[in-house]
Amino acid sequence: MENQIFEVGAGISKSMLLREDEIWFGQDKISSVEKFEKAVNKTGILKSAYSVPLSSITEVSFNEASESAKIKYINEKGKEQKLNIGFGDIDTSNQFGRHLGEKLGLNKSSTQESQLQPLLLNLFYLVIAIGGTIVFGTMEDTSEITDSNRRRGSGMRALIQLVVETIGQTGVFVVGGLISLYVAYQLYKRFINPSNVILYTK
């Protein structure tokens, strides 16, 4: 996985590159190794990328059902720092976590996740799905969706209004019902088959 640029969500970072002895993180979406190197080597207030020496990493962990991996490392001030790296893809997250842990020669352990945590998370999504279906499916005046003085999220509200007006109330209940059933199925599947949490430590 070395020298491959990944689009990630890691704090304020949007790009990540694993080197032979460092991990680079950039605040912008960076398209080439050369540009990434220039960004890392910049100094002053214009610096938008930084490096984490692999030798400073003390722990790597990931949930096999998660799209993110976590690392702990000692920063320049000698303090332990945690970073959650979101890949948006379960396979990539798992591959990165395993590769980095093995590359560093860390000790591997595996534990089964608590069934309660994914249950609560998926239950929350199920409530949102059912609640949204009821709210938008019974709404007589769709202009209420965009009737707000707040600019933030106005584009999303306009999109929701367009979808509701296009498929109608019956369509909202059908689509919302299917989404709710899918979330309920995922909740049940995750509950009876809890995933493993992989941990690499020194």
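Attention in this report is confined to the structure presented alongside it. (Residues numbered from 1 in each chain as written. Predicted model: local features only at pLDDT ≥ 70, side-chain atom pairs only at ≥ 80, totals over all residues. Heavy atoms only, no water.)

1. Let's talk about the overall build of the chain
Per the secondary structure count, the chain includes 5 helices and 9 strands. Beginning at the N terminus, the succession of helices and strands in the chain can be written as β-β-β-α-β-β-β-β-α-β-α-α-α-β. With 202 residues in all, the chain has 33% of them scored as buried. Taking contacts inside the chain between residues at least 6 apart in sequence as the whole, the part at least 24 apart equals 56%. Summed over its atoms, the accessible surface of the chain is roughly 12700 Å², and 54% of this surface lies on carbon and sulfur atoms. (Helix = DSSP H or I, 4+ residues; strand = E, 2+ residues; numbered from the N terminus. Buried < 20%, exposed > 50% of the residue type's maximum accessible area, 1.4 Å probe, protein only. Contact = heavy atoms within 4.5 Å. Areas by Shrake-Rupley, 256 points an atom, 1.4 Å probe, with all protein chains shown as cover.)

2. Here's the deal with the nonpolar core
Ranked by size, the top nonpolar core spans 24 residues in total, and within it M16, I23, I57, I85, F96 and L100 carry the most contacts. Breaking this core down by element, the ones donating at least two residues are β1 (5-10), β2 (13-18), β3 (22-26), β5 (57-63), β6 (68-74), β7 (80-86), α2 (90-103) and β9 (196-201). Other than its neighbours up to four places away in sequence, I57 contacts I23, V52, I71, K72, Y73, L100, L104 and K202. Listed in part, the 7 residues of the second largest apolar core include L17, I30, A39 and A49. (Core = buried A, V, L, I, M, F, W, Y, C linked by side-chain atoms within 4.5 Å.)

3. Quick notes on α2
Taking 1.5 Å of rise per residue, 14 residues should cover 20 Å, and α2 covers 20 Å from first to last C-alpha, within 8% of that figure. Within α2, burial applies to S93, N94, F96, G97, L100 and G101. End-on, the buried residues of α2 take up no more than an arc of 165°, which puts them together on one face. Exposed residues pointing more than 90 degrees away from the buried face of α2 are listed as D91 and E102. Those residues of α2 that are buried are in contact with β2, β3, β5, β6, β7 and β9. Where α2 begins, one side-chain oxygen reaches toward the backbone nitrogen of D91, 3.3 Å away; that side chain belongs to D89. With its phi angle positive at about 70°, G105 sits one or two positions after the end of α2. (Expected span 1.5 Å × (residues − 1). Arc of directions from axis to C-beta. Polar contact = N/O pair within 3.5 Å; in protein donor to acceptor, adjacent residues only side chain to side chain.)

4. Re a nonpolar patch on the surface
A grouping of L120, L123 and V127 is seen on the molecular surface, where their side chains present a nonpolar patch of about 270 Å² in accessible area. Along the chain, V127 falls in helix α3 (residues 116-137). Classification of V127 by relative accessible area gives exposed; the value is 52%. (Patch = residues over 30% accessible without salt bridge, like charges linked within 9 Å, V, L, I, M, F, W, Y side chains within 5 Å. Salt bridge = Lys/Arg side-chain N within 4 Å of Asp/Glu carboxyl O.)

5. Overview of the environment of N107
With respect to the element layout, N107 can be found in strand β8 (residues 107-112). The spatial distance from the C-alpha of N107 to the C-alpha of E59 is 9.3 Å, given a sequence separation of 48 residues. Non-local contacts of N107, meaning those with residues more than four positions away in its chain, are made with L199, Y200, T201 and K202.

6. Here's the deal with the pairing of β2
Summarising burial for β2: 5 of the 6 residues are buried, a large majority. In this structure, β1 lies alongside β2, joined through 4 bridges in antiparallel fashion. Bridge pairing in β2 places E7 opposite S15. Between β1 and the antiparallel strand that follows it, β2, lie 2 residues; G11 among them carries a positive phi value of about 65°. Of the strand pairs in this sheet, β2 and β3 are connected by 4 bridges, and their pairing is antiparallel. Note that in β3 the partner of L17 across the bridge is W24. What sits between the antiparallel neighbours β2 and β3 is a turn of 3 residues. (Pairing = 2+ DSSP bridges.)

7. Brief notes about the packing of aromatic side chains
Going through the model one piece at a time under the given rule, you end up with 4 aromatic pairs. An angle of 90° between the planes, with centres 5.8 Å apart, marks the rings of F6 and F87 as edge-to-face. Of the two residues, F6 sits in strand β1 while F87 sits in the loop between β7 and α2, which places them 81 residues apart along the sequence. Note on F87: relative accessible area 11%, which makes it buried. (Phe/Tyr/Trp six-rings, centres within 6.5 Å; stacked < 30°, edge-to-face > 60°.)

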